[in-house]
Amino acid sequence: MAMALLFRSSVDSEARWKPQLNQLMPGLEVRVWPGVGDPADIGYALVWRPEPGLLASLPNLKLILSLGAGVDHILCDPHLPHHVPIVRLVDPYMTAAMSEYVVLQVLRLHRHDLDYRAQQSEGIWRELEQKNATERSVGILGFGALGQDAGRKLKGLGFDVALWSRSEKRADGLLGYAGGAGLEALLRRSEIVVCLLPLTAETEGILSRRTFARLPRGAVVVNAARGRHLVEQDLLAALASGHVSAAVLDVFRDEPLPSGHPFWRHPHIVVTPHIAAATNPSTAAPIILDTIRRFEEGRPLLNRVDPARGY
Ligand code: NAP
Ligand code: GLV
């Protein structure tokens with residue numbers, strides 16, 4: 001008997017996903033959580049933040065597919081069935097969207113956009129000293145699918161880009177740093193630091209007092225990865241001291257960012273509502289269905305997650 005796919009995401013995303021999946025793979029029955037039906041029918045789970053224990057309750061589950069590039073929302077389940085492979089989403093359109101976000105934020109920081117907006121609100125006409133892009137150093141934490149593309153595009157604009165990874169990496173002539181010593185070196189040279197890391201036990205809280213202290217005075221921080229990468233009080237302290245001059249944050253420990261949170265009204269923090277690179281069903285559904293076909297045909301899976309590594 002053909003296995004069904006369980007779709008579990010926000011309620012409003014069902015209407016956008018189901019027609020895409022049905023159209024591309026008419027033979028695949030799609031059930032939308034909480035309408036699981038007989039749990040024994042479910043072979044595939046396509047999920048975003050599944051309830052702890054949901055995946056373990058599906059006895060014939062063969063493959064877990066993440067609706068996002070990150071998989072921390074799956075790996076945090078204490079009952080995760082560890083024998084079931086997990087595949088994360090790598091969608092070139094999502095990668096391009098993240099690069100747009102990173103380039104947009106780097107450019108507005110580089111071109112003093114926040115300062116000019118503040119000046120405008122006061123009716124001030126004042127020219128600020130402008131560096132060339134080649135004189136502006138950008139450090140990207142993460143040399144993966146997203147970091148690499150953003151790095152390449154920033155380099156194309158002339159920025160002095162370097163990237164940080166766990167293992168030694170080289171791609172497209174990009175300057176790479178690896179490991180603990182590499183992080184120190186990258187931070188020392190980064191006027192703008194952009195976090196594009198997966199959230200793991202090793203990377204949680206990486207945007208901390210210790211990290212900020214290694215940046216040049218007046219550096220700016222962009223976090224488009226996960227809220228738990230950032231130690232919020234440490235950022236507020238670094239902004240208060242002037243050591244960090246601004247931050248752009250797309251992701252937060254609590255989402256939506258609670259009303260009354262100090263980030264909302266901070267003059268040197270830009271808040272966006274986790275939109276840097278949203279999953280788009282029209283481009284992601286064919287990639288997800290290709291993964292299922294590969295699995296059914298016994299071909300190697302692409303973008304398989306290593307749960308021990310955490311990404
Ligand atoms: P990826 O391809 O798996 O790349 C991860 C990179 O991080 C790799 O270069 C990896 O090093 C590096 N890394 C991991 N742990 C490290 C450590 N302890 N020390 C140093 N480097 C480490 O992931 P991706 O597709 O680029 O996505 C990155 C993250 O972006 C996702 O996990 C997700 O949380 C976030 N994201 C956010 C949004 C949004 O809308 N805000 C959208 C999509 C994704 P190696 O190369 O050595 O393995
Ligand atoms: C979004 O945050 C993702 O992980 O794709």
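Remember, it's a predicted structure, so these values are computed and weren't measured experimentally.

### Here's the deal with the sheet that holds strand 4 (residues 63–66)
Here comes step 1: Taken in spatial order, the five strands line up as 2-1-3-4-5 in an open sheet, and their pairing is parallel. Taken across any chain shown, the strands that pair with only one partner, and hence form the sheet edges, are strand 2 (30–32) and strand 5 (86–87).
Here comes step 2: Helix 1 (residues 14–24) rests against strand 1 (4–8), strand 2 and strand 3 (42–47) of the sheet, and its axis sits at about 170 degrees to strand 2.
Here comes step 3: Together, strand 1, strand 3, strand 4 and strand 5 form the strand contacts of helix 10 (residues 281–296), whose direction differs from that of strand 4 by roughly 160 degrees.

### Concerning the side chain of arginine 136
Here comes step 1: With respect to the helices, strands and loops of the structure, arginine 136 is situated in the loop between helix 4 (113–121) and strand 6 (137–141).
Here comes step 2: A distance of 3.0 Å separates a polar atom in the side chain of arginine 136 from a polar atom in the side chain of histidine 110.
Here comes step 3: Dropping the residues within four chain positions of it, arginine 136 is found in contact with His110, His112, Gln130, Lys131, Phe159, Asp160, Glu191 and Ile192.

### Quick notes on the site of ligand 1
Here comes step 1: The local shell around ligand 1 holds 29 residues, among which Arg88, Ser167, Lys169, Glu202 and Tyr311 are the closest.
Here comes step 2: Tyrosine 311 places a side-chain nitrogen or oxygen 2.6 Å from an oxygen atom of ligand 1.
Here comes step 3: Its free accessible area being 940 Å², ligand 1 has 93% of it covered by the protein chains.
Here comes step 4: Residue assignment for the shell around ligand 1 shows that the elements contributing at least two residues are helix 5 (145–156) and strand 7 (160–165).

### Examining the domain arrangement of the chain
Here comes step 1: Domain boundaries assigned for the chain yield domain 1 (4–91 + 279–296) and domain 2 (92–271).
Here comes step 2: The distance between the C-alpha centroids of domain 1 and domain 2 comes to 32 Å.
Here comes step 3: Taken residue by residue, the interface counts 13 residues in domain 1 and eight residues in domain 2.
Here comes step 4: Overall, the association of domain 1 and domain 2 removes approximately 800 Å² of surface from exposure, summing both partners, and the carbon and sulfur fraction of that is 57%.
Here comes step 5: Here domain 1 and domain 2 share two salt bridges between them.

### Details of the nonpolar core
Here comes step 1: By size, the foremost hydrophobic cluster in this structure holds 51 residues, and its most contacted members are Leu5, Trp17, Leu46, Ile140, Leu154 and Val194.
Here comes step 2: Looking at this core element by element, the count peaks at seven residues for helix 3 (residues 92–110).
Here comes step 3: Structurally, this core is a two-domain feature, drawing no fewer than three residues from each of domain 1 (4–91 + 279–296) and domain 2 (92–271).
Here comes step 4: Aside from chain neighbours lying at most four places away, what touches leucine 5 is Leu21, Leu28, Glu29, Val30, Arg31, Tyr44, Leu46 and Ile292.
Here comes step 5: In this structure, Trp164, Phe212, Ala247 and Leu249 belong to the second largest nonpolar core, which totals 28 residues.

### Re the site of ligand 2
Here comes step 1: Residues in close proximity to ligand 2 include Trp48, Gly68, Ala69, Gly70, Met94, Arg226 and His274, which together make up its full environment.
Here comes step 2: Taking glycine 70, its main chain carries an N or O atom lying 2.8 Å from an oxygen atom of ligand 2.
Here comes step 3: Separating an oxygen atom of ligand 2 from a side-chain N or O atom of arginine 226 is a distance of 2.7 Å.
Here comes step 4: When ligand 2 is considered free in solution it has 190 Å² of accessible area, and contact with the protein chains removes 86% of it.
Here comes step 5: Looking at the shell around ligand 2 residue by residue, the classes come out as three nonpolar, three polar and one charged.

### So, the sheet that holds strand 8 (residues 175–178)
Here comes step 1: If you trace the seven strands from one edge of the open sheet to the other, you get 8-7-6-9-10-11-12, paired in parallel fashion. The outermost strands of the open sheet, each flanked by one partner alone, are strand 8 and strand 12 (269–271). Shown here is a sheet whose adjacent strand axes are inclined to one another by a mean of 15 degrees, direction ignored.
Here comes step 2: With three bridges joining them, strand 11 (residues 244–249) and strand 12 adopt parallel strand pairing. Its bridge partner being in strand 12, leucine 249 is matched across the sheet by valine 271.

### A look at unusual backbone geometry
Here comes step 1: Geometrically, the link from tryptophan 33 to proline 34 is a cis peptide bond, its omega value of 15 degrees lying close to zero.
Here comes step 2: With respect to the helices and strands, proline 34 occurs in the loop between strand 2 and strand 3.
Here comes step 3: Look at the link from glutamate 255 to proline 256: it is a cis peptide, with omega at -5 degrees.
Here comes step 4: Structurally, proline 256 can be placed in the loop between strand 11 and helix 9 (262–265).
Here comes step 5: At arginine 49, a residue that is not glycine, the phi angle is positive and equals roughly 50 degrees.
Here comes step 6: Relative to the assigned elements, arginine 49 resides in the loop between strand 3 and strand 4.
Here comes step 7: Non-glycine residue asparagine 303 carries a positive phi angle of around 55 degrees.
Here comes step 8: Structurally, the position occupied by asparagine 303 is in the segment after helix 10.

### As for the packing of helix 3 against helix 5
Here comes step 1: Their axes nearest at 9 Å, the elements helix 3 and helix 5 cross at an angle of 50 degrees. Considered as vectors, helix 3 and helix 5 are oriented oblique to each other. In this structure, helix 3 crosses over helix 5, and the sense of that crossing is right-handed. Mapping the contact onto sequence places Thr95, Ala96, Met98, Ser99, Val102, Val103 and Val106 in helix 3 and Ala145, Leu146, Asp149, Ala150, Lys153 and Leu154 in helix 5.
Here comes step 2: A breakdown of the residues in the contact of helix 3 with helix 5 according to their chemical character gives nine nonpolar, two polar and two charged.

Each value, and the rule that gives it
- Residues numbered from 1 in each chain as written.
- Chains lettered and ligands numbered in written order.
- Predicted model: local features only at pLDDT ≥ 70, side-chain atom pairs only at ≥ 80, totals over all residues.
- Heavy atoms only, no water.
- Pairing = 2+ DSSP bridges.
- Helix = DSSP H or I, 4+ residues; strand = E, 2+ residues; numbered from the N terminus.
- Contact = heavy atoms within 4.5 Å.
- Axes fitted to C-alpha atoms, helices over the stretch in contact; angles between N-to-C directions.
- Polar contact = N/O pair within 3.5 Å; in protein donor to acceptor, adjacent residues only side chain to side chain.
- Near = heavy atom within 4 Å.
- Areas by Shrake-Rupley, 256 points an atom, 1.4 Å probe, with all protein chains shown as cover.
- Domains from an automatic or database assignment.
- Buried area = accessible area lost by both parts, 1.4 Å probe.
- Salt bridge = Lys/Arg side-chain N within 4 Å of Asp/Glu carboxyl O.
- Core = buried A, V, L, I, M, F, W, Y, C linked by side-chain atoms within 4.5 Å.
- Buried < 20%, exposed > 50% of the residue type's maximum accessible area, 1.4 Å probe, protein only.
- Nonpolar A, V, L, I, M, F, W, Y, C, P; charged D, E, K, R; others polar.
- Parallel < 35°, antiparallel > 145°, perpendicular 65-115°, else oblique.
- Left-handed = near helix turned anticlockwise from the far one by under 90°.

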